[in-house]
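The chain contents come next:
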Amino acid sequence: MDKFVIKGGNSLNGEVEISGAKNSLLALMPATLLANGTFTFYNVPNLSDIKTMLQLLNNIGVSTSMDMVKKQIQLDTTSIKSFEAPYEYVKKMRASIYVLGPMLARYGEAKVSLPGGCAWGPRPVDLHIDGIKKLGADIKLNNGYIFAKAKKLQGTKIVFNTSSVGATGNILMASTLAKGTTEIHNAAIEPEITQLSDFLNKMGAKIYGIGTNTLTIDGVDELYPTDETIIPDRIEAATFLCACAIVGGKIKLKNIIQNHLTSVLEKLRETGVKISTSENEIEIFSDSNIKVVDIETAPYPNFPTDVQAQWIALMSIANGVSKIKDTIYFDRFKHVPELNRLGANIVVKENVAIVNGVENLVGAKVMSTDLRASASLILSGLKATGITQVLRVYHLDRGYEAIERKLQRLGADIKRVKGEEY
Ligand code: EPZ
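Within each chain, residues carry numbers counting from 1 in the order of the written sequence. Per-residue local features are limited, in this predicted model, to residues with pLDDT of at least 70; the limit for side-chain atom pairs, both in listing and counting, is 80 or more; totals at the level of whole chains, interfaces and linings are taken over all residues. Each side-chain value is derived from all of the structure's non-hydrogen atoms; neither hydrogens nor water enter the calculation.

## Some remarks on the domain arrangement of the protein chain
- As far as domains go, the protein chain holds domain 1 (2–19 + 232–418) and domain 2 (22–229).
- Residue ranges for the domains trace back to a domain assignment, done automatically or taken from a database. Put simply, the middle of domain 1 and the middle of domain 2, counted by C-alpha atoms, are 30 Å apart.
- In this description, contact between two residues means that some pair of their heavy atoms is separated by no more than 4.5 Å. In this assembly, 22 residues from domain 1 lie in contact with 21 residues from domain 2.
- Carbon and sulfur atoms make up 48% of the surface buried where domain 1 meets domain 2, a total of about 1,800 Å² over both sides.
- A pairing counts as a salt bridge when a side-chain nitrogen of Lys or Arg comes within 4 Å of a carboxyl oxygen of Asp or Glu. In this structure, glutamate 192 and arginine 234 form a salt bridge, with 2.9 Å as the shortest nitrogen-oxygen distance.
- As used in this structure description, the phrase polar contact means that two N or O atoms lie within 3.5 Å; if the pair is within protein, one of them must be able to donate a hydrogen and the other to accept it, and residues adjacent in sequence are counted only when both atoms belong to side chains. Applying the counting rule to domain 1 against domain 2 returns eight residue pairs in polar contact (both at pLDDT 80 or more).
- Three residue categories are used. Nonpolar comprises Ala, Val, Leu, Ile, Met, Phe, Trp, Tyr, Cys and Pro, charged comprises Asp, Glu, Lys and Arg, and polar comprises the others, including Gly. In the side of domain 1 that touches domain 2, the residues fall into six nonpolar, five polar and 11 charged. Using a 1.4 Å probe, buried area is obtained as the accessible area two parts lose upon being combined, added over both of them.

## Overview of the site of the ligand
- We define proximity as follows: a residue is near a molecule or strand when any one of its heavy atoms falls within 4 Å of that partner. Near the ligand, the surroundings consist of 24 residues, among which Arg94, Asp126, Ser164, Asp306 and Ile328 are the closest.
- Within the side chain of arginine 94, a nitrogen or oxygen atom sits 2.6 Å from an oxygen atom of the ligand.
- For accessible areas, the Shrake-Rupley method is used with a probe of radius 1.4 Å. Any residue's cover is judged against the shown protein chains and nothing else. A total of 830 Å² of accessible area belongs to the ligand in isolation, and the protein chains cover 88% of it.
- Secondary-structure elements contributing two or more residues to the shell around the ligand are α1 (22–31), α5 (126–134), α6 (165–175) and α12 (371–383).
- A run of H or I in DSSP becomes a helix once it reaches four residues, and a run of E becomes a strand once it reaches two; helices and strands are each numbered from the N terminus. Per element, the largest residue contribution to the shell around the ligand is three residues, and it comes from α5.
- For the shell around the ligand, the residue count by class is 10 nonpolar, seven polar and seven charged.
- Built from parts of two domains, the shell around the ligand gets at least three residues from each of domain 1 (2–19 + 232–418) and domain 2 (22–229).

Following this line, the structure appears as structure tokens:
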């Protein structure tokens with residue numbers, strides 16, 4: 001397992017290219033199961049989660065190729081041989097459950113492992129299962145698997161009591177080939193769901209209300225292969241913005257869609273950093289003299305839970321006391337004890353972190369526990385005096401493309417040490 005060794009104190013300056021969005025591509029790849037033929041995706045990020053999804057689709061019979069120089073992947077779905085998403089993949093990546101809807105809609109059957117635990121949780125899939133049931137599937141749960149069968153899914157009205165990105169994506173994909181019309185109420189409107197909806201319509205689906213909380217889908221008999229360019233990763237962008245805010249400096253993010261970051265930009269401006277935006281670039285200047293700003297995470301377009309850990313890292317060096325509440329995941333705070341090892345002063349009560357800003361952080365060995373928690377440890381390590389070692393960075397490689405190289409190019413003193421557990 002690799003670790004990062006960071007010598008804190010350098011400010012960040014220069015330009016950084018934001019990669020394609022992991023959470024968009026992880027939905028678009030299973031969507032290819034809805035049609036026969038060859039698909040090409042552009043602006044693909046080189047991430048271990050994408051490789052895991054490729055392996056899962058290979059296991060189903062999709063032939064895949066990945067060219068990371070051109071940032072492209074190609075999928076050919078003409079010879080599907082299995083309708084199973086085994087535990088070995090699903091336990092590595094919860095997004096594997098996205099194959100359930102498309103497989104059931106296209107082939108009438110699916111055997112998908114229930115996701116294992118996550119660094120935080122519980123992360124149930126009841127909304128996925130209930131939605132598929134409502135579309136007329138016969139569902140059985142045993143031995144840790146979802147067994148689903150349906151001769152032909154039937155369009156219906158589905159109301160989600162919780163806004164769920166994954167369940168919205170799964171039911172949306174399933175309903176495109178259902179008989180009749182499906183309405184999805186309280187649908188998630190994250191940009192990744194909007195890209196999925198646009199992609200499905202390019203494949204021949206009939207989805208209306210895209211970008212709103214009510215999606216209407218008129219089922220069609222067949223869908224067709226197409227190509228797509230993945231939208232930029234708004235969470236990676238927010239992570240780099242928080243990094244610059246923490247250590248100071250001036251960086252320009254290229255290849256972003258600024259209105260995907262409205263809530264994060266608004267909160268960052270309240271901290272006193274200077275931000276200017278253009279069509280597909282954001283520039284931030286920080287003297288790392290940070291005002292406290294409370295946040296409360298909520299579904300898009302509100303402040304994303306995937307930036308909560310990075311925000312806590314920022315607030316840990318702010319002037320005063322701040323409150324960070326996660327209303328989506330009540331226990332997504334595994335990064336807090338590790339940040340406190342770096343000298344932060346954070347107390348968690350239920351789903352609220354109370355952060356007492358400190359003068360400075362001091363380098364230490366810290367352990368990554370999940371993707372965004374690891375990012376917060378890196379951000380704090382960039383600021384801490386002395387050496388910080390972030391262990392088990394495979395968590396980061398799931399969702400950040402070559403983050404250490406991007407940070408090095410911005411002036412950070414960070415290096416990857418291969419194969420070191422401690
Ligand atoms: C997606 O996960 C993202 N992952 C997550 O990003 C992100 O944190 C999350 O959305 C929230 O924005 C991908 O897109 C691959 P949800 P997902 O269903 O779809 C509850 C990252 O760091 N819920 O929107 O699994 C759930 O417990 C990852 O890139 C149910 O109750 O999240 C949570 O409280 C981490 N029943 C809320 O809904 C269900 O059946 C939102 O979860 C499903 C979800």
